[in-house]
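# Architecture and fold: a report
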Amino acid sequence: MTDYSTSLRTDRCGDLRVGDVGRQVTLCGWVDRRREHGEHLAFVDLRDRSGVVQLVIDGAHDLRSEYVLQVTGTVRERPADTANDGLATGAVEVDTTDVTVLSTAEPPPFPLDDRIDVDEVVRLRHRYVDLRRPRMQRNLEVRARVNSAIRQAMEEQGFVEVETPMLIASTPEGARDFVVPSRKEPGSFYALPQSPQIFKQLCMVGGVDRYYQIARCLRDEDLRADRQFEFMQLDAEASFVSQDDVLAFISHAVSSATEAVTGERPGEIPRMSWDEAMERFGSDKPDIRFGMELVELTEVFADTGFRAFQAPCVKGIRVPGGADLSRNRLDDLTEQCKQWGAKGLVWMKVEDDGINSPVAKFLSDEEMGALRSTLEAEIGDLLLIVADERHTVRHVLGLVRLELGRPPVTEGGLHFLWVVDFPLFEGLDDTGNPIPAHHPFTMPHEEDLDALERGDLLDVRSRAYDLVLNGWELGSGSVRIHRREIQEQIFAVLGIGAEEAQTKFGFLLDAFRYGAPPHAGFAFGMDRLTAILAGEENIREVIAYPKTQSGADPLTNAPARIDEHHLTELGLRILPPTD
RNA sequence: GGUCCUGUGGUGCAGUUUGGAGUGCACGCCGGCCUGUCAAGCCGGAGGUCGCGGGUUCAAAUCCCGUCAGGACCGCCA
């Protein structure tokens, strides 16, 4: 039990219980609420990180909201019928004899009440006030507990924490780098790390056979509910291991973090192949908390006369009870599907007297029957069908499924999932070169080395894997290539020549010449894991000082201009805006 | 780069569809009353560039155009 007493206080407000009755205590905290009954009786809820306790004050005091107080008094049991069951300290109160105002305060810019959703930019501008709210206190605590549990879990498994630099050389692949100008070498720039990827692989060559780091990563890409410019990853890498070993290490870590927050350890995390995830859920990060899976209909319409269904792939989803969606909503949904890349969306309402759909007249009775039985349609359901190239159908229906079925973050439990057997390449670019799905050091699946040899590149799976939680991609990893000839083969199919490879990745390739162990690793986003465990839809809620969607910080007004002489020193000049 | 939603006293909202005086609700704030409240209660009061700019109109929070800010999403994030 931590001792929270200090020179200024004996106890924390929220810790007082019936067992403390009779004790004289000194407390420090903020005025949460006041209930004044004239000159001779006032109730003041005093709040600190631990919670609130009711002070009973006799005599006049000018105590306003958010004043910081030090009070001394005696803990006593509340009179009969005045206990507050809704409060942890509700059985007691402090009969206050001394009150010292440590700080006065202006009225807060917004109510410190978790029941009211205040505009986020107002909260961020006064984040120091926002952080006093129980919700934020709790989220920061959840975050700290997750961090601690992850560290402990990695260390239990023999991982060594190694710190890697923030000022590094820009690497050409991947996300847009944040850059930092060099003063000593004007015109040259450092990049801030998108991840410690190369450093951790160098650690493997360096004999650190189990590396981990809770690392800050920075990517200059557009922000989202689950993405900030800077974010924290558990980054890990191990030597002399297989994919299964890595999955076990990371499963242990996320299970420990989950247990630390919820008190319950999740069972073994199931695995699903990338192909199955795409076929059944239309996503490589399937949210398996709910059904509405994608159902294959290509065969049903193999000989159809309906032109819109004469496509390489037809799939549908059944929305239980969705027949009451309005025509407007369906039109919006159809429009959205077009924006997502489909030619259109076919909807059918299953009603008492048959199928209600604008396209029903184009389909034969056999097709209708087969459709209903394949989708297991029941009266009151809505059926949504997309026909197109297979990847488009999966993608669009996957988004439709989430749009219509995704539960709130706090519902449906915690469903971790390993997605394995990713393709090595996700397609071909305009010049016919394959696009690596992961990074170019990802080991091809050993069973698919023949296909790689033959040049059937899109059939080659990789030893890459993702960890998914409730439809959020927590992170990804892979077995790395440590053999020179396979690396050269990959570079060759990627169209990267020996010289280019040397320029881009020279120091890693050089390192590999000095004895590279087989190794594999993983990294996952701590903010995302923490948000879901805290029941938040948005990682900003678990970050003390986040940025808005445009990348600004309303608290400090970053980003900001810098002085001319500062620019000059760095050899920089700002161009006029172009438009 | 794109689609959609939001912007009204300190805070949360209604009002915008169908133009007619800044019209309303709740919280907070200020003052008064109040000895068992706990989202205390009662009485009174203050507080507004309806995000900003332009247009239409006799008249704009309301309609139109532009712009800024915030949010959700697509693209992007090897």
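Just above, that's the structure.
Reading the values: the criteria
Residues numbered from 1 in each chain as written. Chains lettered and ligands numbered in written order. Predicted model: local features only at pLDDT ≥ 70, side-chain atom pairs only at ≥ 80, totals over all residues. Heavy atoms only, no water. Near = heavy atom within 4 Å. Polar contact = N/O pair within 3.5 Å; in protein donor to acceptor, adjacent residues only side chain to side chain. Helix = DSSP H or I, 4+ residues; strand = E, 2+ residues; numbered from the N terminus. Nonpolar A, V, L, I, M, F, W, Y, C, P; charged D, E, K, R; others polar. Pairing = 2+ DSSP bridges. Axes fitted to C-alpha atoms, helices over the stretch in contact; angles between N-to-C directions. Expected span 1.5 Å × (residues − 1). Bend = angle between axes of the 7 residues up to and from the residue. Contact = heavy atoms within 4.5 Å. Buried < 20%, exposed > 50% of the residue type's maximum accessible area, 1.4 Å probe, protein only.

### Re the protein's contact with RNA strand B
Surrounding RNA strand B, one finds 51 residues, the nearest of these being Glu36, Arg64, Thr82, Glu93 and His438. When the atoms of RNA strand B within 4 Å of the protein are grouped by moiety, sugar and phosphate amount to 52% of the total. Contact distances for RNA strand B include 2.4 Å between a base nitrogen and a side-chain N or O atom of Glu93. For RNA strand B, a sugar or linking oxygen lies 3.3 Å from a polar atom in the backbone of Pro436. If you tally residues by element for the surface near RNA strand B, the top one is strand β1 (residues 24-36), at four residues. Among the residues making up the surface near RNA strand B, the classes are represented as 15 nonpolar, 17 polar and 19 charged.

### Topic: the sheet that holds strand β4 (residues 68-77)
Backbone hydrogen bonds are what pair the strands of a sheet, in a parallel or an antiparallel way. Here five strands make up a closed barrel; going around it, the order is β1-β2-β3-β5-β4 and the pairing mixed. Between one strand and the next, the sheet's axes are offset by a mean angle of 55°, whatever the strand orientation. With seven bridges joining them, β1 and β4 adopt antiparallel strand pairing. Its bridge partner being in β4, Val25 is matched across the sheet by Gly73.

### Topic: helix α12 (residues 498-512)
Counted at 1.5 Å a residue, the expected span for α12 with its 15 residues is 21 Å, but the 15 Å between its end C-alpha atoms falls short. At Phe505, α12 shows its strongest bend, of approximately 95°. Here the buried face of α12 lies against α4 (197-205), α11 (484-493) and β22 (519-525).

### Quick word on the packing of helix α6 (residues 274-281) against helix α9 (residues 390-405)
The description of two helices packed together rests on the angle between their axes and the distance between the axes. Running from amino to carboxyl end, α6 crosses α9 at an angle of 65°, the nearest separation of the two axes being 8 Å. Residues Trp274, Asp275, Met278, Glu279 and Phe281 of α6 pack against Arg390, Arg394, Gly398 and Arg401 of α9. Residues belonging to the contact of α6 with α9 are distributed by class as follows: three nonpolar, one polar and five charged.

### Remarks on the side chain of Asp381
Here Asp381 shows up in the loop between α8 (365-374) and β16 (382-388). Residue Asp381 is classed as buried on the basis of its relative accessible area, which comes to 3%. In this structure the side chain of Asp381 is engaged in a polar contact, spanning 2.6 Å, whose partner is the side chain of Arg318. When neighbours within four sequence positions are excluded, Asp381 is seen to be in contact with Arg318, Val319, Pro320, Gly321, Gly322, Ala323, Met348, Lys349, Val350 and Glu376.

### Digging into the pairing of strand β14 (residues 346-351)
With five of its six residues buried, β14 lies for the most part within the structure. Pairing of β14 with β16 involves four bridges; the strand directions are antiparallel. Within β16, the position partnered with Met348 by the bridge is Leu383. Bridge analysis of β14 against strand β15 (residues 354-356) gives three bridges, and the strand direction is antiparallel. Paired with Lys349 across the strands is Asn356, a residue of β15.

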